[in-house]
Amino acid sequence: MNTILYISYDGLLEPLGESQVVNYVERLAADHAMTVLSFEKPADLSDPDRLRAMERRLEAQGVNWVKLRYHKLFPTISTAFDVVRGILCARAVCQRRGVMIVHARGYVSSLIALAARSASGARFLFDMRGFWVDEKVEAGHWTSGGILYRIGKWWEHRFFRSADGIISLTDQGVRAFAEFGHETAPSGLVEVIPTCVDLQHFKPGTKESELVRSLGLTGACVVGCVGTMSNWYMRHEMLQYLAYITRSVGRARALIVTREDHCNLQHDAERVGIPGDRLVFARADFADMPLFIRLFDVGMFFIRPVASKRGSAATKLAEFLACGVPVIINDGVGDSGNIVRQGRVGVVLPRVDVEAFERSLPDVRALLADREVAGRCRRLAHELFDVERGVHKYRRVYRLLSSGRGGLTSS
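Residues numbered from 1 in each chain as written. Predicted model: local features only at pLDDT ≥ 70, side-chain atom pairs only at ≥ 80, totals over all residues. Heavy atoms only, no water.

### Quick word on the overall build of the protein
Threshold: Here a strand is any run of E in DSSP of at least two residues, a helix any run of H or I of at least four, and the numbering for each starts at the N terminus. Our radius of gyration looks at C-alpha atoms and nothing else; its globule reference is 2.2 Å times the residue count to the power 0.38. Any residue under 20% of the maximum accessible area for its type is buried, any over 50% is exposed, and the rest in between are partly exposed; the area is computed with a 1.4 Å probe on protein chains only. Should any heavy atoms of two residues lie within 4.5 Å, those residues are considered in contact. Using a 1.4 Å probe, the Shrake-Rupley method yields the accessible areas, and only the shown protein chains count as cover for residues. Charged-residue counts in this description rest on Lys and Arg as positive and Asp and Glu as negative, His and the chain ends being excluded. Each charge is placed at NZ for Lys, CZ for Arg, CG for Asp and CD for Glu.
Along the protein, the regular secondary structure elements total 17 helices and 13 strands. Relative to the compact-globule value of 22 Å for 411 residues, the protein shows a C-alpha radius of gyration of 22 Å, a close match. C-alpha atoms of the protein, sized along the principal axes, occupy 65 × 45 × 40 Å. Split into buried and exposed, the 411 residues of the protein put 56% on the buried side. For the protein, restricting intrachain contacts to residue pairs at least 6 apart in sequence, the fraction spanning at least 24 positions comes to 76%. Working note: accessible area of the protein is about 17500 Å², and carbon and sulfur atoms make up 51% of it. If you average the places of the 54 positive and of the 46 negative side-chain charges in the protein, the two averages end up 3 Å apart.

### Let's talk about the side chain of D134
Formally: Polar contact is the term for a pair of N or O atoms within 3.5 Å; when the atoms are in protein, one must be able to donate a hydrogen and the other to accept it, and sequence-neighboring residues count only if both atoms are side-chain atoms.
Following the sequence through the fold, D134 ends up in helix α6 (residues 132-138). At 2.8 Å, the side chain of D134 and the side chain of K153 are in polar contact. Contact partners of D134, with chain neighbours within four places excluded, come to Y149, K153, E156, F180 and S308.

### Considering empty space enclosed by the protein
Quick note on the threshold: Only protein atoms enter the 1 Å grid used here, on which a cavity is any set of points holding a 1.4 Å probe that cannot leave and a pocket is any open set flanked by protein within 12 Å on both sides along at least five of seven lines; residues with an atom within 4 Å of a point are listed as lining. Grid points are joined across faces, edges and corners, and a volume is the space filled by probe spheres set on the points. Classification used: nonpolar for Ala, Val, Leu, Ile, Met, Phe, Trp, Tyr, Cys and Pro, charged for Asp, Glu, Lys and Arg, polar for all others including Gly.
For the structure shown, the criterion picks out 1 cavity of 30 Å³ or more. In this structure, the largest cavity encloses a volume near 40 Å³. In this structure, the largest cavity is lined by F301, I303, A314, I329, N330, V333 and S336. Residues belonging to the lining of the largest cavity are distributed by class as follows: 5 nonpolar, 2 polar and no charged.

### Considering the layout of surface pockets
The calculated volume of the second largest pocket comes to roughly 400 Å³. Lining the second largest pocket are 25 residues, and of these D171, P194, D335, I339 and L384 sit closest to its centre. Elements with a contribution of two residues or more to the lining of the second largest pocket: α8 (171-175), α14 (336-343), α16 (373-384) and α17 (387-403). Of all the elements, α14 adds the most residues to the lining of the second largest pocket, at 5 residues. Looking at side-chain class alone, the lining of the second largest pocket contains 10 nonpolar, 9 polar and 6 charged residues.

### Thoughts on the nonpolar core
The cut-off we apply is this: Here, nonpolar core means buried Ala, Val, Leu, Ile, Met, Phe, Trp, Tyr and Cys residues that are tied together by side-chain atoms lying within 4.5 Å of each other.
Residues L255 and F296 are the most contacted members of the largest nonpolar core, which totals 78 residues. Of all the elements, helix α10 (residues 235-248) adds the most residues to this core, at 7 residues. If we ignore the near neighbours within four places in the chain, the residues touching F296 are V222, G224, C225, V226, L255, V257, F320 and V325. Counting 38 residues, the second-largest nonpolar core is a separate cluster that includes F39, L68, V108 and L114.

### Things to note about the sheet that holds strand β11 (residues 298-301)
Test applied: Between any two strands, pairing holds if DSSP finds at least two bridges. All axes here are fitted lines through C-alpha atoms, helices being fitted over the stretch that makes contact, and every angle between N-to-C directions spans 0 to 180 degrees.
Taken together, 6 strands build an open sheet; the order of strands is β10-β9-β8-β11-β12-β13 and the sheet is parallel. This sheet does not close on itself; its edge strands, each paired only once, are β10 (279-282) and β13 (346-349). On average, adjacent strands in this sheet sit at an angle of 25° to one another, irrespective of strand direction. Here β11 pairs with strand β12 (residues 327-330) via 3 bridges, running parallel. When the bridges of β12 are listed, F301 appears paired with I329. Each of β8 (221-226), β11 and β12 is contacted by helix α13 (residues 315-322), which is oriented at about 175° to β11, the strand it contacts most. Relative to the sheet, α14 contacts β12 and β13, its axis offset from that of β13 by approximately 140°.

### Section: a nonpolar patch on the surface
This is how it is decided: Patch construction takes residues with relative accessible area above 30% that form no salt bridge. Like charges are linked within 9 Å, and nonpolar side chains (Val, Leu, Ile, Met, Phe, Trp, Tyr) are linked within 5 Å. Note on definitions: salt bridges are taken to be side-chain nitrogens of Lys or Arg within 4 Å of carboxyl oxygens of Asp or Glu.
A cluster of nonpolar side chains, L73, F74 and I77, forms an exposed patch at the surface whose accessible area comes to about 380 Å². Mapped onto the secondary structure, L73 falls in the loop between β3 (64-69) and α4 (75-97). What makes L73 exposed here is its relative accessible area of 69%.

### Remarks on the packing of aromatic side chains
The condition that has to hold: Each Phe, Tyr or Trp ring (for Trp, its six-membered ring) is paired with any other whose centre lies within 6.5 Å, and the angle between the two planes then decides the class: stacked below 30 degrees, edge-to-face above 60, tilted in between.
Counted under the stated rule, the structure contains 25 aromatic pairs. Judged by centre distance (5.4 Å) and plane angle (80°), the ring pair of W132 and W142 falls under edge-to-face. Residue W132 is located in helix α6, and its partner W142 is located in the loop between α6 and α7 (147-162); the two are separated by 10 residues in the primary sequence. Here W132 falls in the partly exposed class, since its relative accessible area comes to 30%. With 5.6 Å between their ring centres and 75° between their planes, Y241 and F302 make a pair best called edge-to-face. Taken as a pair, Y241 in helix α10 and F302 in the loop between β11 and α13 lie far apart in primary sequence, 61 residues in all. Residue classification places Y241 among the buried positions, given a relative accessible area of 0%. The rings of Y107, F124, F126, F131, W132, W142, W154, W155, F159, F160, F177 and F180 are connected pair by pair, giving a single aromatic cluster.

### Structural notes on the pairing of strand β6 (residues 165-168)
Burial along β6 is two-sided: the face carrying G165 and I167 and the face carrying I166 and S168 are both buried. The sheet contact formed by strand β5 (residues 123-127) and β6 spans 3 bridges and is parallel. Bridged to F126 within β6 is I166. Pairing between β6 and strand β7 (residues 189-192): 4 bridges, direction parallel.

### Regarding the pattern of salt bridges
One pass over the structure, following the stated rule, counts 31 salt bridges. In this structure, E26 engages R57 in a salt bridge whose closest nitrogen and oxygen atoms are separated by 2.9 Å. Of this pair, E26 sits in helix α1 (residues 15-28) while R57 sits in helix α3 (residues 48-60), and the two are 31 residues apart along the sequence. Under the relative-accessibility criterion, E26 is labelled buried at 14%.

Below, the structure is given as structure tokens:
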């Protein structure tokens, strides 16, 4: 049985960590000795019920969980502090457990992995999750050519050159390696594994009648958004589109399920002209998210289509399709546009402006009238986004790395 150290800078107690880390490692633990090192936010650690529930869940699958506190008071300094603590902890795990593969999810985790793997001679699996350094620039947090950018690029090139295996979320991301100037190890393994979901948790079903009534959505055609509406998501344009749809489709109601501040969202929605009686807000735990997604007749999200997002894949696309819900998205982000077009599971806007909104309306109306689309969504989710399929690919990568086999491949 291979011994794996999985490092995640995202906390397992966050919805993203539960969806994109826990769902994988608890399955991988069936045939690998898994240790997870994660950085948990203080607010999550202060909830004893959630903490103990996650501990029991991982213990039941034989997963060893090492928790470190996440810091953010002074962003760069806090991250450096976390990295140092992570290295010390990860080296101890590598030495104590004889780790064979250090699986690093993202760039910060990879800093820890490179420094820790020498403690046991472990292989390094770079699970990149996107082009993080360029994302920092395009998000306006770093300056292109600045000191943080140059340091980040130096480490990024080292990750690519040092990795025994690389995981990309998208085919577009792999094609962009050369454009971003990245050289991979000659014997390195490259695998494409998109963000997947548990199809037993996210699945089609009828709209829960009591939930429909409590939200005031009886008889409505629901256009829904879930999760964050900020950062890389185009909040203003998404609200503009919801305003357009609620004006253009007679029974349309917008339902936004998010942990973000509802008062600020309400204010922004009013500014773009969404009628108050056409907009509903809700909050939901990860466990209840499928109940809310199944209320949607169509899901919607727009992501900034910048160069670095060629390597990104939105988890919510997989969640929508798994629940049989078609989507309205914008083009130019990872493989999403091609997936939606080829699978005939939604509407892809070439731009997010008024002209594109108006041109999309006939296609949206046709989508809402399509009685076969839910089945196509679910079938596509099975084909591309089933977590069991993702786990199968990770097992293959682990097997190849542990056996010393390589060869630059992509699938």
